[in-house]
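These are the residues of each chain, in order.
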Amino acid sequence: MTHTPFTADDVAHMRAALSLASRGLGRCWPNPAVGCVIVRDGCVVGRGWTQPGGRPHAETVALAQAAGAAEGATAYVTLEPCSHVGKTPPCADALVAAGVARVVVAIGDPDPRVSGRGIARLRAAGITVDLGLLEEEAGLVTEGFLRRVIEGRPLVTLKLATTLDGRIATKAHESQWITGPVARSWGHGLRATHDAIMVGIGTALADDPELTCRLPGLEDRSPIRIVVDSRLRLPLTSRLVRDARRVPVWVATLAGGDARRRRAYQDCGVEVIEIQPDAVGVMPLGTVMAALGGRGLTRVLVEGGRNWRPPCSRRIWSTGWNGIARPRSLAATACLRRRASAWNGWTPPRASPAWMCAPPAMTRRRAIAASGDRPAVRRRKSPHFPLASRSGRA
């Protein structure tokens, strides 16, 4: 089939569909966050995105809004329409029944139940299908689902608030605040767009955090709270356990632990996930991530202390850095972006300026020198922050 060149209108409508898809991030797992825009004669007649819980699907919502106007229209979908019967009928069949004339798809669905069958179903019905519009952007929005299907684990985002020399707190474990109100609000926004937030037992014991999203209007977007606790040391009186029936709490622990304590957690509404130890008796984080992927999670936000950085920097199971830093000059900011990209081979999207971080050894002086520039105003030398083991999570 001859490929039809994409027009500026095609790009604009697909960008709108991607924006709609992002509304479902953190709310529709284990299903992917999908957006759909239906256009007829240059006018948008229907739009939709995957609803909380994963259904109804984006195409179903958009077709219901368009009603009879969908006949002869063009549908822009960020992910290949499903072709299998699950808890809802196939979206490919719904598009065929609505009489759309053309479907533009950003990326294919690697799920073995779909994987080209949705596009084949549409083409068999005489519908023109164009694939590959804004596929890179669509891959970023759908990356969590893609990793779960292809690699069996969720997308992992490591969020760090650090000084330019890579410190997260003072020697006395004081970290409030390294960042400002805007950065902290951004951090809560990250929580709202992830399926789960994960910390280690050290952070849970030191800070007794809530790990909820407390942005006005987004209080209902709090993700599942996960604590990696190999010996079940999380107190039953902690905020996490006390609030487990309102916002779910999962505890990942080594298999064969104290059965009485495990039942006590379960009585409080906490789900206990048992992980088999490795050869040296340690709980492998890769196995933890595989267990979370098996439960359907697609996006996990890690907020922890210094012990989380070494496994992430070695790229054992993380996808990339998502640190929040406070550079003291634009030159330092540009250098941080370059160094972060070279640090683990991951390029931060330029549309997200907060998606950057400094390697632990990066200092303010080295950052400015490497950028080939100097601050316009000489600033007082910042104090040295000895590395601490806790993060001051709230």
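One structure accompanies this document, and this report is about it. All values reported here derive from a predicted model rather than from experimental measurement.

What counts, and at which threshold
Every chain is numbered on its own, with residues counted from 1 as its sequence reads. For a predicted model such as this one, the threshold for reporting local features is a pLDDT of at least 70, and the threshold for listing and counting side-chain atom pairs is 80 or more; totals across whole chains, interfaces and linings nevertheless cover every residue. Values reported for side chains reflect all heavy atoms of the structure, with hydrogen atoms and water molecules removed beforehand. For the purposes of this entry, the term helix denotes a DSSP run of H or I that reaches at least four residues, the term strand denotes a run of E that reaches at least two, and both are numbered from the N terminus. Only protein chains enter the accessibility calculation, which uses a 1.4 Å probe. A residue is then buried if its area is under 20% of the maximum for its type, exposed if over 50%, and partly exposed in between. Geometry is summarised by axes, namely lines fitted to C-alpha atoms with helices restricted to the contacting stretch, and by angles between N-to-C directions that run from 0 to 180 degrees. With respect to orientation, any angle under 35 degrees is reported as roughly parallel, any angle over 145 as roughly antiparallel, any angle of 65 to 115 as roughly perpendicular, and every other angle as oblique. Each helix crossing is assigned a hand: it is left-handed if the near helix lies turned anticlockwise from the far helix by less than a right angle, otherwise right-handed if that turn is clockwise. Any two residues whose heavy atoms approach within 4.5 Å at even a single point are treated as in contact. Put simply, Ala, Val, Leu, Ile, Met, Phe, Trp, Tyr, Cys and Pro go in the nonpolar bin, Asp, Glu, Lys and Arg in the charged bin, and everything else, Gly too, in the polar bin. Throughout this description, the term salt bridge denotes a Lys or Arg side-chain nitrogen within 4 Å of a carboxyl oxygen of Asp or Glu. Here, a strand pair is defined by DSSP locating no fewer than two bridges between the strands.

### Details of unusual backbone geometry
Part 1 of the reasoning: In the segment running from W29 into P30, the intervening peptide bond is cis, with an omega of 5°.
Part 2 of the reasoning: Residue position: P30 is located in the loop between helix 1 (8-22) and strand 1 (35-40).
Part 3 of the reasoning: With an omega of 0°, the peptide bond between R55 and P56 qualifies as cis.
Part 4 of the reasoning: Along the chain, the position of P56 falls in the loop between strand 2 (43-49) and helix 2 (58-66).
Part 5 of the reasoning: At S115, a residue that is not glycine, the phi angle is positive and equals roughly 35°.
Part 6 of the reasoning: Following the sequence through the fold, S115 ends up in the loop between strand 4 (102-107) and helix 4 (117-124).
Part 7 of the reasoning: By relative accessible area, S115 is classed as partly exposed at 44%.
Part 8 of the reasoning: Although it is not a glycine, L211 adopts a positive phi angle of roughly 60°.
Part 9 of the reasoning: Residue placement: L211 occurs in the loop between helix 8 (201-207) and strand 9 (224-228).
Part 10 of the reasoning: The class of L211 is buried, set by a relative accessible area of 0%.

### A short note on the packing of helix 2 against helix 3 (residues 91-98)
Part 1 of the reasoning: Direction vectors running N to C along helix 2 and helix 3 enclose 20°, while the axes themselves pass 9 Å from each other. Here helix 2 lies roughly parallel to helix 3, going by the angle between them. In this structure, helix 2 crosses over helix 3, and the sense of that crossing is left-handed. On helix 3, the residues that touch E59, T60 and L63 of helix 2 are C91, A94, L95 and A98.
Part 2 of the reasoning: Tallied by class, residues from the contact of helix 2 with helix 3 come to five nonpolar, one polar and one charged.

### Looking at the pattern of salt bridges
Part 1 of the reasoning: Summed over all chains, the structure comprises 18 salt bridges.
Part 2 of the reasoning: The network of salt bridges with common partners includes E143, R147, E151 and R153.

### Thoughts on the sheet that holds strand 5 (residues 128-131)
Part 1 of the reasoning: Spatial ordering of the open sheet is given by 2-1-3-4-5, a layout of five strands whose pairing is mixed. Edge positions in the open sheet fall to strand 2 and strand 5, since each of these has one partner strand only. Here the strands of the sheet are splayed against their neighbours by 15° on average, with no regard to which way each runs.
Part 2 of the reasoning: Relative to strand 3 (residues 74-79), strand 1 is paired through four bridges, and the arrangement is antiparallel. Of the residues in strand 3, the one forming a bridge with C36 is V77.

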